[in-house]
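Here are the chains, one letter per residue:
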Amino acid sequence: MLSPPALSLISRSRICVSALFLLGSSLACAGEVAIGVFAYQGEKVANADWTPVIRYLNQAIPGQQFRLENHDAQSLRAAIAERRVDLVITNPGYYITMEAEFGLSRIATLESPDTPAAKTLGSVVFTRANRDDLRVIGDLAGKRVAAVDPDAFGGYLLAAREMLRQGIDPENDLKELRFVGLPMNRIIDAVRNGEVDAGIVRACLPEQLARQGELRLAEFRVLSHRQDEGLPCALSTPLYPNWPIAVTRHTDIALAKEVAHALLSMPAGSEGPTWTVPADYQPVHDLYRELRIGPYAYLRDITPEGLVRRFWPWLLATLLALLGWIVHTVRVEHLVHRRTSELRDSLAARERAEACMRDSQEQMEHLSRLSVLGELSSNLAHELNQPLTTIGTYARTVLRRQESGKLTPEAVSEACTEIASEAERAAGIVQRIRHFARKRSAVREPVDLAGLAGEARHLLVGMLANPPAIDIDNRLQSACQVLADGPQIQQVLLNLIKNAIDAGRSLPAERRSIHIMIEAADNRAQLTVTDHGVGLDAAQLARLFEPFFTTKPDGLGLGLPICKTIIEAHGGRLWAEPNPDGPGMRFSFSLPCHEPSA
Ligand code: ADP
């Protein structure tokens with residue numbers, strides 16, 4: 001089933017076709033034309049205002065039947081949406097709103113009886129004449145103000161824009177904003193009775209009421225008073241274009257042209273209001289944009305509060321995500337900080353422990369050296385005794401010769417030379433002992449293993465009464481350079497050689513010989529001390545490197561564990577095995593080779 005608007009369109013187009021056929025295309029289609037008007041003052045006033053226009057159009061365009069439809073704001077909007085009206089007469093504010101929404105298009109603008117100009121709508125904001133505290137609209141902050149209605153063009157919106165311009169937000173900065181509706185006389189009464197401090201009405205209303213004897217202009221003062229463009233009325237705002245008559249998107253163009261032509265040619269002094277060419281409604285757009293209403297209501301959402309209202313779920317989610325991220329970052333930061341400080345503490349503790357270990361190792365080495373010296377002390381005494389005895393013998397010989405008068409200069413010279421030489425020998429022994437026994441810190445430098453072995457042999461042999469034969473066979477290539485702490489390696493050599501000497505001490509001379517071999521093996525330098533001594537059984541061999549393992553009555557059992565620690569601290573290895581070429585043992589250690597520096 002077709003709706004009534006659709007039926008009316010079909011019937012009108014049928015008539016249209018026949019009219020065009022009979023009269024030609026320059027004529028408008030015959031039919032009923034509905035003119036919807038915004039009857040803001042009620043039907044009675046609207047009928048009185050607009051019936052002359054309808055009557056005039058019916059006379060001027062005989063082929064059409066013009067009909068007046070009174071509407072409030074909402075029903076006029078619905079009538080346009082449902083295409084129930086062909087022409088619309090409304091205030092400038094509703095016009096631009098529906099222009100944006102439904103594509104209304106003005107064809108003429110109403111002329112004011114007071115001025116021929118197109119801009120004729122304004123507002124007047126007034127107070128009682130005795131209110132000396134209120135001079136301009138800006139004085140209204142914190143005051144009570146009466147207006148017609150939030151949508152009233154002249155009865156509120158024009159003044160609201162002026163308030164904004166003078167720094168007052170009408171919605172927030174007034175003590176009270178009271179909308180009293182129509183007729184506007186109510187506002188004048190409210191101001192007169194002191195119910196409100198000021199009122200907003202359409203410009204020229206006070207003058208009109210004064211002419212009718214309903215008020216005296218002297219009773220009131222106009223705020224921000226201005227006179228504009230020849231309008232013979234007091235104003236508080238600039239003037240805006242008057243009401244337009246507009247066609248809808250669906251209005252027949254030929255009809256629109258005819259109506260426009262008829263209205264613009266309406267003779268002055270005719271019964272109804274007169275019309276002029278369509279005005280520029282840009283100031284109305286500006287007003288609505290500033291107040292963020294009508295087609296510009298969306299701008300309210302662009303304020304921070306509006307955006308929050310519209311996008312709060314997204315904002316909340318973003319905020320939560322951000323919060324989560326911050327909490328996560330702070331937590332990670334905190335954990336990293338904690339772990340770093342734990343790591344730093346444990347590193348410091350490790351460094352302390354290492355330093356402590358180094359100290360005790362150095363201490364142990366020192367003690368071990370002293371222990372070797374202790375063990376050799378009887379031999380040492382014997383060693384020192386020899387030069388001292390020789391010195392004593394020479395000294396006594398010189399004395400005896402002197403007493404017997406046989407002392408010749410040659411004899412004195414020979415005795416002194418021998419005494420000096422033996423004293424130097426004794427000093428050499430003491431010097432070596434002191435050097436060996438002194439406390440020192442570990443270093444790493446190129447060492448000559450064969451040289452160290454030779455020195456160890458020299459030191460030991462020098463201290464022993466009956467030293468065994470110790471031969472050194474150096475087969476190490478110069479390509480292998482050992483970086484080590486010389487005295488520590490010498491300590492190891494002393495221990496190994498001394499143990500080898502001890503192992504053959506009670507044996508015949510042929511089993512007391514010791515062989516030292518130095519060679520390269522797998523990019524390492526290897527030193528082997530072989531003896532033909534008493535050797536060790538498997539159980540003893542298994543416990544050889546345990547601290548305090550000893551088979552000697554006066555032994556400490558620390559020499560080999562210390563040697564092992566020293567060699568391993570140099571990145572090397574120390575091991576022992578039975579001598580494969582006969583009785584005795586073979587002790588070996590290897591140290592890494594380094595490229596000799598250029
Ligand atoms: P100490 O010499 O004070 O006993 P060491 O740690 O130097 O301490 O030696 C531990 C033990 O290893 C010695 O008591 C000895 O029994 C055994 N030992 C070391 N070297 C040899 C060797 N060349 N031949 C036989 N036994 C050895």
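Look a little higher up for the structure.
First, a word on what this report is: a plain description of the structure on this page. Along each chain, residue indices are assigned from 1 in the same order as the chain's sequence is written. Restriction of local features to residues with pLDDT of at least 70 applies here, the model being predicted, together with a cutoff of 80 or more for giving and counting side-chain atom pairs; totals for whole chains, interfaces and linings are based on all residues. The side-chain figures draw on all heavy atoms in the structure; neither hydrogens nor water molecules are used.

Some remarks on the site of the ligand
Summary of the distance rule: residues count as near a molecule or strand when at least one heavy atom falls within 4 Å of that molecule or strand. In the vicinity of the ligand lie 21 residues, with Asp 531, Thr 550, Thr 551, Lys 552 and Leu 560 positioned nearest. In protein, a polar contact requires one atom able to donate a hydrogen and another able to accept it; more generally it is a pair of N or O atoms within 3.5 Å, and residues adjacent in sequence count only if both atoms are side-chain atoms. Backbone polar atom of Gly 557 to an oxygen atom of the ligand: 3.1 Å apart, as the coordinates give it. In this structure, an oxygen atom belonging to the ligand sits 2.9 Å away from a main-chain N or O atom of Leu 560. For the accessible areas, the method is Shrake-Rupley and the probe is 1.4 Å, while residue cover comes only from the protein chains on display. For the ligand, whose accessible area on its own is 530 Å², the fraction buried by protein is 96%. The pocket occupied by the ligand, as judged from atoms lying within 2 Å of grid points, is the second largest pocket. Helix and strand assignments follow DSSP, with helices taken as H or I runs no shorter than four residues and strands as E runs no shorter than two, numbered in order from the N terminus. Elements with a minimum of two residues in the shell around the ligand: helix H14 (486-503), helix H16 (559-569) and strand S20 (585-592). Counting residues per element, the shell around the ligand draws most heavily on H14, at four residues. Basically, the charged four are Asp, Glu, Lys and Arg, the nonpolar ten are Ala, Val, Leu, Ile, Met, Phe, Trp, Tyr, Cys and Pro, and anything else, Gly included, counts as polar. Partitioning the shell around the ligand into residue classes produces 11 nonpolar, eight polar and two charged. Here a cavity denotes a set of grid points, spaced 1 Å apart and computed over the protein atoms alone, in which a 1.4 Å probe fits but from which it cannot get out, and a pocket denotes an open set meeting protein on both sides within 12 Å along at least five of seven lines; residues with an atom within 4 Å of a point are reported as lining. For this analysis, a molecule is said to be in a pocket or cavity if more than half of its atoms are within 2 Å of the grid points defining it.

Notes on the layout of surface pockets
The gaps left among the atoms become clear once a water-sized probe is rolled over them. Grid points are joined across faces, edges and corners, and a volume is the space filled by probe spheres set on the points. For the second largest pocket, the calculated volume is near 740 Å³. Lining the second largest pocket are 35 residues, with Asn 499, Asp 502, Thr 550, Thr 551 and Lys 552 positioned closest to its centre. Looking at the lining of the second largest pocket element by element, the count peaks at seven residues for H14. The residue inventory of the lining of the second largest pocket, partitioned by class, reads 17 nonpolar, 12 polar and six charged.

Points about the pattern of salt bridges
Just to be clear on terms, a salt bridge is a Lys or Arg side-chain nitrogen sitting within 4 Å of an Asp or Glu carboxyl oxygen. Under the defined criterion, the tally for this structure stands at 28 salt bridges. Residues joined by salt bridges that share partners form a network here, namely Arg 131, Asp 133, Arg 144 and Asp 197.

Topic: the sheet that holds strand S8 (residues 176-179)
A pair of strands counts as paired when DSSP detects no fewer than two bridges linking them. Overall, mixed pairing links the five strands, which are arranged S8-S7-S9-S6-S10 in an open sheet. A strand with exactly one partner marks an edge of an open sheet, and here the two such strands are S8 and strand S10 (220-222). Across the sheet, the mean angle from the axis of one strand to that of its neighbour is 30 degrees, orientation sign disregarded. Here three bridges tie strand S6 (residues 123-128) to S10, and the two strands are oriented antiparallel to one another. Across the sheet, residue Arg 128 finds its bridge partner in S10, namely Phe 220. By the convention used here, residues are in contact when the closest approach between their heavy atoms is within 4.5 Å. Under this scheme, a helix contributes an axis fitted over its contacting stretch, all axes are lines through C-alpha atoms, and angles between N-to-C directions fall in the 0 to 180 degree range. Contacting S6, strand S7 (144-147), S8 and strand S9 (198-202), helix H5 (residues 153-165) runs over the sheet at an angle of about 120 degrees to S9. Relative to the sheet, helix H6 (residues 185-192) contacts S6, S7, S9 and S10, its axis offset from that of S6 by approximately 25 degrees.

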